[in-house]
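Single-letter residue listing:
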Amino acid sequence: MLLELKEVTIPTLDQKCVIINEVSFGIKEGSIHAIIGPNGSGKSTLAYAIMGLGNYKVLHGKILFDGFDITNLSITERAKLGITLAWQEPARIDGLSVYRYITLGLKDTTKMREKVVEALNIVNLEPEKYINRKIDESLSGGERKRVELAAAIAMEPRLIILDEPDSGLDFIVLEDFMNIFEKIKRLNMTILLITHREDIGMVADYGTLLWRGDHIITDVFPKVMLRYCAKAGLKEFCKRTLFKDGAICFDDEYIDRIFREEGVS
Amino acid sequence: MKNIDYPTEILQSLEDYKIDFREFLPGHGKGAKLLLNFNKISGIEQVDGIILKGREIPNGIIADVLIKKGTKVEEPVHLCFGINKETGIQEIFPRIIAEDNTNVKIQAHCSFPNADGLTHKMFGHFYIGKNCEVTYSETHYHGENSGALVAPVSYIYVGENSVFENNFNLTKGTPGKVKILIDIYALDNSVVRSNVKAYGKNSKDSIRIRDSVFLEGENARSVIKLKAAAKDGGEVLMYGITEGNAPHCNGHVECSEIVLGRGSICRARPFIRATDPTSSVSHEASLGRFPQKWLDELMAKGLSEEEATNILIEAMLQEEEKF
Ligand SMILES: Nc1ncnc2c1ncn2[C@@H]1O[C@H](COP(=O)(O)OP(=O)(O)OP(=O)(O)O)[C@@H](O)[C@H]1O
Ligand SMILES: [Mg+2]
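Calculation rules
Residue numbers run consecutively from 1 along every chain, following the written order of its sequence. Ligands are numbered from 1 and chains lettered from A, in the order in which they are written. Only residues with pLDDT of 70 or above have their local features reported here, since the model is predicted, and side-chain atom pairs are shown and tallied only from 80 upward, although totals for entire chains, interfaces and linings are computed over all residues. Here the side-chain values reflect all heavy atoms present in the structure, with hydrogen atoms and water set aside. Any two residues having at least one pair of non-hydrogen atoms within 4.5 Å are treated as being in contact. When two parts are brought into contact, each loses some accessible area as probed by a 1.4 Å sphere; the total of that loss over both is the buried area. Basic side-chain nitrogens of Lys or Arg form a salt bridge, by our definition, when they fall within 4 Å of a carboxyl oxygen of Asp or Glu. We define a polar contact as two N or O atoms separated by no more than 3.5 Å, with the added condition that, inside protein, one atom must be a possible hydrogen donor and the other a possible acceptor, whereas residues neighbouring each other in sequence contribute only through side-chain atom pairs. Helix and strand assignments follow DSSP, with helices taken as H or I runs no shorter than four residues and strands as E runs no shorter than two, numbered in order from the N terminus. Only Asp, Glu, Lys and Arg are considered charged, only Ala, Val, Leu, Ile, Met, Phe, Trp, Tyr, Cys and Pro nonpolar, and every remaining residue, Gly among them, polar. Two strands qualify as a pair provided DSSP detects at least 2 bridges between them. Axis definition: a line fit to C-alpha positions, over the contact stretch in the case of helices; interaxial angles, taken between N-to-C directions, run 0 to 180 degrees. A simple rule labels every residue: compare its accessible area, found with a 1.4 Å probe on the protein chains alone, to the largest value its type can have, and call it buried under 20%, exposed over 50%, or partly exposed in between.

(A) Main features of the interface of chain B and chain A. Tallying the contact residues gives 20 residues for chain B and 28 residues for chain A. Looking at the side of chain B facing chain A, the largest losses of area belong to E297, A300 and K301 of chain B, adding up to 32% of the total buried there. Between chain B and chain A we count 2 salt bridges in total. Among the salt bridges present, the one from K301 of chain B reaches E148 of chain A, with a minimum N-O distance of 3.3 Å. Put simply, chain B and chain A have 8 residue pairs in polar contact (both at pLDDT 80 or more) between them. Breaking the side of chain B that touches chain A down by element, the ones donating at least two residues are α2 (292-299) and α3 (305-318) of chain B. Residue classes in the side of chain B that touches chain A are distributed as 8 nonpolar, 3 polar and 9 charged.

(B) Summary view of the sheet that holds strand β15 (residues 221-231) of chain B. Residue and element names in this part refer to chain B. Strand order in the open sheet formed by 10 strands is β2-β1-β5-β7-β9-β11-β13-β15-β17-β19, with mixed pairing between adjacent strands. The sheet is open, and its two edges are formed by β2 (40-45) and β19 (280-286), each paired on a single side. Strand-to-strand twist across the sheet, computed as the mean angle between neighbouring axes with direction ignored, equals 10 degrees. Judged from the 7 bridges that link them, strand β17 (residues 250-260) and β19 form a sheet pairing that is parallel. By the bridge assignment for β19, C255 is matched with A285.

(C) Examining the pattern of salt bridges more closely. By the definition in use, this model includes 18 salt bridges over all chains. R100 of chain A is the salt-bridge partner of E314 of chain B, the closest N and O atoms lying 3.0 Å from each other. On the criterion of chain membership, the pair formed by E314 of chain B in helix α3 and R100 of chain A in helix α3 (residues 98-103) is interchain, its members lying in two chains. According to the relative accessible area criterion, R100 of chain A is partly exposed, its value standing at 28%. Between K33 of chain B and E45 of chain B there is a salt bridge, with its nearest N and O atoms 3.4 Å apart. Linking K33 of chain B in strand β1 (residues 33-37) with E45 of chain B in strand β2, this pair joins segments that are 12 residues apart in sequence. Assessed through its relative accessible area of 16%, E45 of chain B is described here as buried.

(D) Examining the sheet that holds strand β12 (residues 214-220) of chain A more closely. Residues and elements named next belong to chain A. The strand order across the open sheet built from 6 strands is β6-β9-β10-β3-β11-β12, with neighbouring strands paired in mixed fashion. The open sheet has two free edges, formed respectively by β6 (83-86) and β12, since each of these has just one partner strand. Each strand axis lies, on average, 15 degrees off the axis of its neighbour in the sheet, ignoring direction. Bridge count between strand β9 (residues 159-163) and strand β10 (residues 190-194): 5 bridges; the pairing is parallel. Pairing of L159 across the sheet is with T190, part of β10. Sheet strands touched by helix α9 (residues 221-232): β3 (32-36), β11 (206-211) and β12. Its angle to β12, the strand with the most contacts, is close to 140 degrees.

The following block contains the structure:
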């Protein structure tokens, strides 16, 4: 396992309630691992805690990276070990160019330009057009997210956490994004993907379902998705759309069983 | 004049401001130029329509820049007031006159790379005629030792229907003790934009800047943007003043300040006053620290908190002005 969570509990900043409740699961090296769950189930919280953000402190439990306990390391130390996060809504920093921004995370400073160009190519932004642009309001939401992804890729991290990389993007670019994930995977990076979209999630090898801060299941992605539908009581949706036309099909009997287990008929 | 001996050490700091220093060398870059090495004029180069004259006085020079009526030039006029000694006094009295219907950019650089207790004073007058477009940009570098004692005062008159842009930039090196006064008088239908940036980096730095625009003509408009950053005991106090004294004039003052580290003081504050009831003058200010999320984002790229902060200050001070 590249990343392992062991009974991780994360409270709110004031420690009055628990956002993540004794969650344990692992992420295999080289995989795309999706975290799904309804709004407020704790997906972003978990991502931030793995990155080590100050407002999301682990109260109990451990986070292991490559077997090494990182629970008490700073963001910077985790980034240096090879973990990075691409934010759902990355900041706009007017005075920084795309070039400068992407070079900030480079491990060594040789052939910087080549590396930036390569990263922009991976996220399908024409390097000549974007390299001198500013990270400001003039970039569209989708372009800003791609730059964020390029910056994360250029770091050559071992684990890249993507918090809803698909939000605010239309269907036309969906396929394009799936290609990007595949490209990242080929660079031997492990992806932790947070998403609301089952179609995006379909690129994932594995998945984890969170439900109000509890860990429900970690398994191959279709099974996780099926469980999500069962908990949400979406049987028809599930049978009709998700797994009939999707890549992997479950027979109706199997679907019925999972739904029965969740107490939904 | 060709190939003069001007210490490149003085011009080197232009690179920090992303300006090609060769543009300043006579015989190299295009455009009119005047170079001062301590109290000696070491080079003057003229172009059509622009007259540059310098007269040496005991501690410095009187410099005249005259842009003749109707002159429109792309290439900036380069002025460099430099000292590569550690101490001494340099006093400059520039008179810059842009006659009617002129378009010109002036790029001035005040550079004292080895300063350790030297004094630079300036007493400047700018007269800008009607229908002109004039940009005056001044970059400063006071070395890395203890900076300099720098006290420039400028009076700037902007004529009817003219656009004047002032850019003052003191963000590289150690500034030292700096006191700057800029008074800009804007006549009918003129437009004034003034951008001032300064960065105090340690307890030797004490920077005071007062940038004032007096909207004296009907329909005159102005925007002042002040950006101040102070860290590790530096002190930066900036005041952006705008007075609306004429019918339908419109002024705005925008201030941002960032203060970091123990003992630092940083204030960028607007002061506005409207004496004409039809004028409108407004201000906005943003203070304090960078949002934690910005720091987190940079730290997730492997930067330490301090490195991330420095990048953000650099970005804030470089941010291009949009109007
Ligand atoms: N600082 C905080 N104080 C109190 N509650 C918080 C705090 N931060 C997060 N929460 C709560 O924790 C829960 C989990 O939030 P989180 O953002 O992790 O959810 P999410 O699964 O990412 O949701 P979404 O799908 O909407 O992005 C939410 O109910 C949220 O309101
Ligand atoms: Mg979220």
